Amino acid sequence: MSDRETAGGLIGLVQDYVNTVDLQDGPEELSSPNTLKEWLVARSLLEASAEVGAQDLKHAVALREAIRCVIGANSGTSVYPVDLATLNEAANASRLRARFGRDGKPRLEPEVQGVVGAMGRIVSAVFAAMAEPEWKRLKLCGSTSCRWAFFDRSRNHSSRWCTRTSRLNHAPPGPGFRVTYRKRSELGSPTNDPGANESGVCGGGGGGDPDCCLRVLRPDI
Ligand SMILES: [Zn+2]
């Protein structure tokens, strides 16, 4: 994924968590209790001595998908009560409490340790990230089979699809969009093309040669 689609700080942490799985093509980073533990410990969300079980993994994945749905609101999709309940349950179970740090700034911190506490820290990150003005730029790819979380740096916040080059099965362009084909050599790499909302290897026009051109989706303006 290109840097222009990656957020920093707490929004970036939330984005990273949601993107631990590629729903369309795989892989799933949170494939076992061990990989969940590694992910959380690497980000100082969990103590290295903590035990992580299968049920923890189930909760972590459920929380991740609930967060994905909440991000979807920035792309105009619905947030369901079950997702909000999942977030609220994680907040309650970890007993999030307001604390003021040495910097004088407030934050939510869990009273519970272990994976339950780590899930609380993720909810806390979502809570703080949503208060940032840039939150609205964190969106889900408009392809219903992709739903990758990307950071929309376009000037008018108009991006609807992630730009990963492996996307061959994104939804067809809706009204107001057109598909154009350009030679790969004209683009350099697809992520260097600021006008591209979606890129993939073209399926035709070049005799099946995957290096022939790139499919580029553009606003029809
Ligand atoms: Zn996508």
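Residues numbered from 1 in each chain as written. Predicted model: local features only at pLDDT ≥ 70, side-chain atom pairs only at ≥ 80, totals over all residues.

**Remarks on the packing of helix H1 (residues 9–18) against helix H5 (residues 114–130)**
Where H1 meets H5, the axes come as close as 8 Å, and the angle between the chain directions of the two elements is 130°. Judged on the interaxial angle alone, H5 and H1 are oblique. Considering how the two elements wind past one another, H1 and H5 form a crossing that is left-handed. Contact with H1, carried on its side by Leu10, Ile11, Leu13, Val14 and Tyr17, involves Ile122, Ala125, Val126, Ala128 and Ala129 of H5 and no other residues of that element. For the contact of H1 with H5, a count of residues per class yields 10 nonpolar, no polar and no charged. (Axes fitted to C-alpha atoms, helices over the stretch in contact; angles between N-to-C directions. Helix = DSSP H or I, 4+ residues; strand = E, 2+ residues; numbered from the N terminus. Parallel < 35°, antiparallel > 145°, perpendicular 65-115°, else oblique. Left-handed = near helix turned anticlockwise from the far one by under 90°. Contact = placed C-beta atoms within 7 Å. Nonpolar A, V, L, I, M, F, W, Y, C, P; charged D, E, K, R; others polar.)

**Describing the confidence of the model for the protein**
For the protein, the average pLDDT comes to 80, and 73% of its residues sit at 70 or higher. Per-residue pLDDT stays below 50 along residues 176–221; that stretch engages in 73 contacts with residues further than four places along the chain or on separate chains. (pLDDT = per-residue confidence, 0-100.)

**Overview of the pairing of strand S1 (residues 96–100)**
Both S1 and strand S2 (residues 106–110) contribute to a ladder of five bridges, which runs antiparallel. Across the sheet, Arg97 pairs through a bridge with Glu109, a residue of S2. In sequence, S1 turns back onto S2 through a hairpin of five residues, with Gly104 there showing a positive phi of about 85°. (Pairing = 2+ DSSP bridges.)

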